[in-house]
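Here is how the chains run, residue by residue.
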Amino acid sequence: EKEAEARAMAEKEADAKAAEAQAKKKALTAAQQVVRDKKTAASAAKKAAAEARELAQAARVKAYEDLLAEAQAEAEAKAAEAREKAKASREARTKAAEMETQAKLAKAKAYWDAFAEKEAEARAMAEKEADAKAAEAQAKKKALTAAQQVVRDKKTAASAAKKAAAEARELAQAARVKAYEDLLAEAQAEAEAKAA
C-alpha cells in the first residue's frame with residue numbers, strides 16, 4: 001500500500017512537472033513570436049524612413065526646379081517686355097526684373113534651407129526610433145534566452161524527479177522481496193523446529 005501511494009505521488013508529481021514544462025514551452029513560443037514581430041516592425045520602420053527620405057529629396061528637388069523655372073520664365077518675360085519699350089524705360093524695367101528674380105531666388109533658397117532642416121529633423125527622429133526598436137529587440141532577445149534557460153532547467157529537474165521515482169520504486173521492490181524472503185526463512189525455521 002505504501003509503495004502504491006509513493007508510486008501514485010511520484011507519477012502525479014511527474015505529470016505536474018510535464019504540464020509545467022509544456023506551459024513554459026508555449027510561453028517560450030509566444031515570446032519568440034513577439035521578438036519576430038518586433039524585428040519585422042523595426043525593419044518596416046527603417047524601410048519606411050528610407051522611402052520617406054527619398055520622397056522628401058525628390059519633392060525638394062522638384063520644388064526647387066519649379067521655382068527656378070518660374071523665376072527664369074518670369075525674367076525672360078520681363079526682358080522681352082523691356083526690349084519692346086524705349087531704351088530708358090527698358091533699362092528701368094530690366095533692373096526691376098532683376099530685383100524680382102533675386103527675390104525669387106532668395107525665396108527658393110529659404111524654402112530649400114527650411115526643407116533641408118525639416119528633412120534632417122525627420123531623419124534624426126526616424127534613426128532615433130529605429131535605435132529604440134533595435135534596443136527593444138535586443139532586450140526581448142535577452143529575455144527570450146533567459147526563458148529558454150528556465151525551460152531547460154525545468155526539463156532537467158523533471159528528468160531528475162522521474163529518475164529518483166524509478167530508483168525509489170526499485171528500492172521498494174527490493175525491500176519487499178527481502179522482507180518476504182525473511183518471513184519464509186523464519187517460517188521454515190519454525191517448522192523445522194516444531195518437527196524436531
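Everything discussed here concerns the structure shown above.
Only a predicted model underlies this, so the values are computations on that prediction, with no experimental measurement involved.

Trainee: Describe the layout of surface pockets, naming the residues involved and giving the relevant values.
Mentor: Put simply, the largest pocket is a space of about 160 Å³. Mapped by element, the contributors of at least two residues to the lining of the largest pocket are helix H1 (2-84) and helix H2 (87-195). It is H2 that contributes the most residues to the lining of the largest pocket, 6 residues altogether. A class-by-class count of the residues in the lining of the largest pocket yields 7 nonpolar, no polar and 4 charged.

Trainee: Before we move on, could you go through the pattern of salt bridges and cite the residues and values that matter?
Mentor: Throughout the structure, instances matching the rule amount to 12 salt bridges. In this structure, Glu 20 and Lys 154 form a salt bridge, with 3.1 Å as the shortest nitrogen-oxygen distance. With Glu 20 in helix H1 and Lys 154 in helix H2, the pair connects residues that are 134 residues apart, well separated along the chain. Residue classification places Lys 154 among the partly exposed positions, given a relative accessible area of 31%. Notably, a salt bridge pairs Lys 62 with Asp 66, separated by 2.9 Å at the nearest N-O pair. Separated by 4 residues within a single helix, Lys 62 and Asp 66 lie in helix H1, roughly one turn from each other.

Trainee: Requested: an account of the side chain of Thr 101, with residues and values cited.
Mentor: Structurally, Thr 101 can be placed in helix H2. Exposure remark for Thr 101: the relative accessible area of 17% places this residue in the buried category. Among all residues touching Thr 101, those that are not within four sequence positions of it are Ala 71 and Ala 75.

Trainee: Run through the packing of aromatic side chains, naming residues and quoting values.
Mentor: Think of a pair of aromatic rings as described by two things: how far the centres are apart, and how the planes are tilted against each other in angle. This structure, assessed with the given rule, holds 1 aromatic pair. Judged by centre distance (5.8 Å) and plane angle (40°), the ring pair of Tyr 111 and Phe 115 falls under tilted. Taken together, the residues span about one helical turn, with Tyr 111 and Phe 115 both in helix H2 at a distance of 4 residues. In this structure Phe 115 comes out as partly exposed when scored by relative accessible area, which is 24%.

Trainee: Before we move on, could you go through the packing of H1 against H2 and cite the residues and values that matter?
Mentor: Orientation of H1 relative to H2, taken along the N-to-C sense of each, is 170°, at an axis distance of 8 Å. Put simply, H1 runs roughly antiparallel to H2. When the residues that make up the contact of H1 with H2 are grouped by side-chain class, the tally is 32 nonpolar, 6 polar and 28 charged.

Trainee: An account of the environment of Ala 158 is needed here, citing residue identities and associated values.
Mentor: Structurally, Ala 158 is set in helix H2. Judged by relative accessible area, which is 13%, Ala 158 ranks as buried. Sequence separation between Ala 158 and Ala 92 is 66 residues; the distance between their C-alpha atoms is 98 Å.

Trainee: Any details on the side chain of Arg 60? Residues and values, ideally.
Mentor: Residue placement: Arg 60 occurs in helix H1. We classify Arg 60 as buried; its relative accessible area is 10%. Among all residues touching Arg 60, those that are not within four sequence positions of it are Trp 112, Phe 115, Ala 116 and Glu 119.

Trainee: Residues and numbers for H2, please.
Mentor: Since the α-helix advances by 3.6 residues per turn, residues separated by three or four positions end up pointing in the same direction. With 109 residues, H2 should reach 162 Å at 1.5 Å per residue; the first-to-last C-alpha distance of 160 Å fits that figure. Those residues of H2 that sit buried are Ala 97, Thr 101, Ala 108, Glu 119, Ala 130, Ala 137, Leu 144, Val 151, Ala 158 and Ala 165. Against H1 lie the buried residues of H2.

The rules behind these values
Residues numbered from 1 in each chain as written. Predicted model: local features only at pLDDT ≥ 70, side-chain atom pairs only at ≥ 80, totals over all residues. Heavy atoms only, no water. 1 Å grid on protein atoms, 1.4 Å probe; cavity = no way out; pocket = protein on both sides within 12 Å on 5 of 7 lines; lining within 4 Å. Points joined across faces, edges and corners; volume = space filled by probe spheres on them. Helix = DSSP H or I, 4+ residues; strand = E, 2+ residues; numbered from the N terminus. Nonpolar A, V, L, I, M, F, W, Y, C, P; charged D, E, K, R; others polar. Salt bridge = Lys/Arg side-chain N within 4 Å of Asp/Glu carboxyl O. Buried < 20%, exposed > 50% of the residue type's maximum accessible area, 1.4 Å probe, protein only. Contact = heavy atoms within 4.5 Å. Phe/Tyr/Trp six-rings, centres within 6.5 Å; stacked < 30°, edge-to-face > 60°. Axes fitted to C-alpha atoms, helices over the stretch in contact; angles between N-to-C directions. Parallel < 35°, antiparallel > 145°, perpendicular 65-115°, else oblique. Expected span 1.5 Å × (residues − 1).

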